[in-house]
Amino acid sequence: MKNFTKRMARGGKLCVATWMVLLGSVACGTMEDSSALTPALSTQAQELKATNGLTQNGLTQNGLLGGDFATWFAQAPAANAMLMKYLVQCALPEGESRSFEDTSTGTTHTWPGLLGLTPGWANGKRMKESEQQLLSACLGAHLNKFGLNVPLSVLGRTARNQPIPYTAEELETFSRRESCFFGNLFTNEGLFAGVDGAYLNNDESSPRACGLTTEQNAEVSQCEALVNVASCEAYCTLDPSGLFYTECTYNGRTYLPLTTRIRPQEVYTCGDGVCQFTESCGTGSEANNCMNDCGACQ
């Protein structure tokens, strides 16, 4: 269970530079609600409204905690603490952490690592383009339109080209292929998402609406700062394992992506007798017009 629990986490809302990014949840190698498996990592999703970019002030390209970090952190302590939680979980491996004492309040913040995607930058070296891309993809993988915690599995390779560990149990639990995420927020090139495998049917919906969608809405962004590009297969190269993508090329640029999987119960179906928050009343049988579950609109 070690590798499986290593990759569980959760999500919130985050602004990178001028981008407003809605962070969601993830399980394997991610940041989502997995309290049953990793109690120490279980938290509630929160809004992050940090207005400074990742490359400004304290969050420089030369390491996680730059010389101006205290000044940057003080501008929005709650939001920046949440931002740091995600960045550290993405950048550092499990077993490592970064701490910061806020002298204005006497509070010491400690953020644990999880995925270990960018070991060079996390340890003070100048950030490489590959690390910029992986951190961007990691933040994208945690986007959630509804600000909810939704367990998921994140697969891919680190900046050192090492696969993120996974287990057969993880693949079985998170059996629904979901999305691929790629881009570079640090250079303002954008953040992109595609559907991995099957699109949602018109009678289906999901709390993971940023990446997983119907074919009709495959190129309609559901989350601010995220561009949907339909199918991952159209832009990305599949790893020989068949589980994740190794690179994605879009607008003439090639990126290192991350690939997500979710549990089957994260997809809701109109007609199952439950009016989900992703469904709407109506007279039909589609998720946004679901009479069977939500009744007729009054």
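Further up the page is the structure itself.
Residues numbered from 1 in each chain as written. Predicted model: local features only at pLDDT ≥ 70, side-chain atom pairs only at ≥ 80, totals over all residues. Heavy atoms only, no water.

The sheet built from three strands is open, its strands ordered 10-11-12 with antiparallel pairing. Every interior strand has two partners, whereas the edge strands, strand 10 (236–238) and strand 12 (253–255), have only one. Across the sheet, the mean angle separating the axes of adjacent strands is 20° when strand polarity is ignored. (Pairing = 2+ DSSP bridges. Helix = DSSP H or I, 4+ residues; strand = E, 2+ residues; numbered from the N terminus. Axes fitted to C-alpha atoms, helices over the stretch in contact; angles between N-to-C directions.)

Moving on: the layout of surface pockets. Reported here for the largest pocket is a volume of approximately 460 Å³. Glu-204, Thr-214, Asn-217, Ala-287 and Asn-288 are the residues nearest the centre of the largest pocket, which is lined by 19 residues in total. Classifying every residue of the lining of the largest pocket gives five nonpolar, eleven polar and three charged. (1 Å grid on protein atoms, 1.4 Å probe; cavity = no way out; pocket = protein on both sides within 12 Å on 5 of 7 lines; lining within 4 Å. Points joined across faces, edges and corners; volume = space filled by probe spheres on them. Nonpolar A, V, L, I, M, F, W, Y, C, P; charged D, E, K, R; others polar.)

Attention now moves to helix 5 (residues 129–141). It helps to recall that an α-helix has 3.6 residues per turn; residues three or four apart then point in one direction. Taking 1.5 Å per residue, 13 residues should reach 18 Å; helix 5 reaches 18 Å between its end C-alpha atoms and fits that length. In terms of burial, helix 5 is largely enclosed, as eleven of its 13 residues are buried. By the burial criterion, the buried members of helix 5 are Glu-131, Gln-132, Gln-133, Leu-134, Leu-135, Ser-136, Ala-137, Cys-138, Leu-139, Gly-140 and Ala-141. (Expected span 1.5 Å × (residues − 1). Buried < 20%, exposed > 50% of the residue type's maximum accessible area, 1.4 Å probe, protein only.)

Residues Phe-146, Leu-148 and Phe-277 make up a contiguous nonpolar surface patch of roughly 250 Å² in combined accessible area. Position of Phe-146 among the secondary structure elements: in the loop between helix 5 and strand 5 (152–156). (Patch = residues over 30% accessible without salt bridge, like charges linked within 9 Å, V, L, I, M, F, W, Y side chains within 5 Å. Areas by Shrake-Rupley, 256 points an atom, 1.4 Å probe, with all protein chains shown as cover. Salt bridge = Lys/Arg side-chain N within 4 Å of Asp/Glu carboxyl O.)

Another aspect to go through is the pairing of strand 5. In terms of residue burial, strand 5 counts as a mostly covered element, since five of its five residues are buried. Neither face of strand 5 is open: one carries Leu-152, Val-154 and Gly-156, the other Ser-153 and Leu-155, and all of them are buried. Sheet topology note: the strand 5/strand 13 (residues 258–262) ladder contains five bridges and is antiparallel. The residue of strand 13 that forms the bridge with Ser-153 is Arg-261.

Turning to the environment of Gln-216, a few remarks are in order. With respect to the element layout, Gln-216 can be found in the loop between strand 8 (204–205) and strand 9 (227–231). When its relative accessible area of 66% is taken as the criterion, Gln-216 is described as exposed. For the pair Gln-216 and Asn-201, spaced 15 residues apart in the sequence, the C-alpha separation amounts to 9.4 Å.

Turning our eyes to something else, we now look at the state of the cysteines. A full pass over the atoms with the stated rule returns seven disulfides. There is a disulfide in this structure between Cys-236 and Cys-248, and the S-S distance comes to 2.0 Å. The sign of the 105° torsion about the S-S bond sets the Cys-236-Cys-248 disulfide as right-handed. In this pair, Cys-236 sits in strand 10 while Cys-248 sits in strand 11 (residues 245–250), placing the two residues twelve residues apart along the sequence. A single burial state applies to Cys-236 and to Cys-248, both of which are buried. (Disulfide = S-S within 2.5 Å.)

By secondary structure assignment, the location of Ala-81 is in helix 3 (residues 77–91). Taking the C-alpha atoms as reference points, Ala-81 and Thr-110, 29 residues apart in sequence, are found 9.4 Å from one another. Setting aside anything within four residues of it in sequence, one finds Ala-81 in contact with Phe-73, His-109 and Trp-111. (Contact = heavy atoms within 4.5 Å.)

For any two helices packed against each other, one specifies the inter-axial angle together with the distance between the axes. Interaxial distance between helix 3 and helix 5 falls to 10 Å at its minimum, and their mutual angle equals 120°. With respect to their mutual orientation, helix 3 and helix 5 come out oblique. In this structure, helix 3 meets helix 5 at a crossing whose hand is right-handed. Note on element contacts: helix 5 touches helix 3 through Leu-135, Cys-138 and Leu-139, opposite Tyr-86, Leu-87, Cys-90 and Ala-91. (Parallel < 35°, antiparallel > 145°, perpendicular 65-115°, else oblique. Left-handed = near helix turned anticlockwise from the far one by under 90°.)

This brings us to the pattern of salt bridges. Counted by the stated rule, this structure contains six salt bridges. The partner of Glu-129 in a salt bridge is Arg-253, with the nearest N and O atoms 2.5 Å apart. Linking Glu-129 in helix 5 with Arg-253 in strand 12, this pair joins segments that are 124 residues apart in sequence. Judged by its relative accessible area of 40%, Glu-129 falls in the partly exposed class. On the basis of relative accessible area, Arg-253 is assigned to the partly exposed category, the value being 30%. Here the salt bridges share partners, and the residues they tie into one network are Glu-129, Glu-189 and Arg-253.

Read from one edge of the open sheet, five strands run 5-13-6-7-9, paired in mixed fashion. Single-partner strands in this sheet number two, and they are strand 5 and strand 9. On average, each strand axis in the sheet is inclined to that of its neighbour by 25°, with strand direction left out of account. Together, strand 5, strand 6 (176–184), strand 7 (190–195) and strand 13 form the strand contacts of helix 5, whose direction differs from that of strand 6 by roughly 135°.

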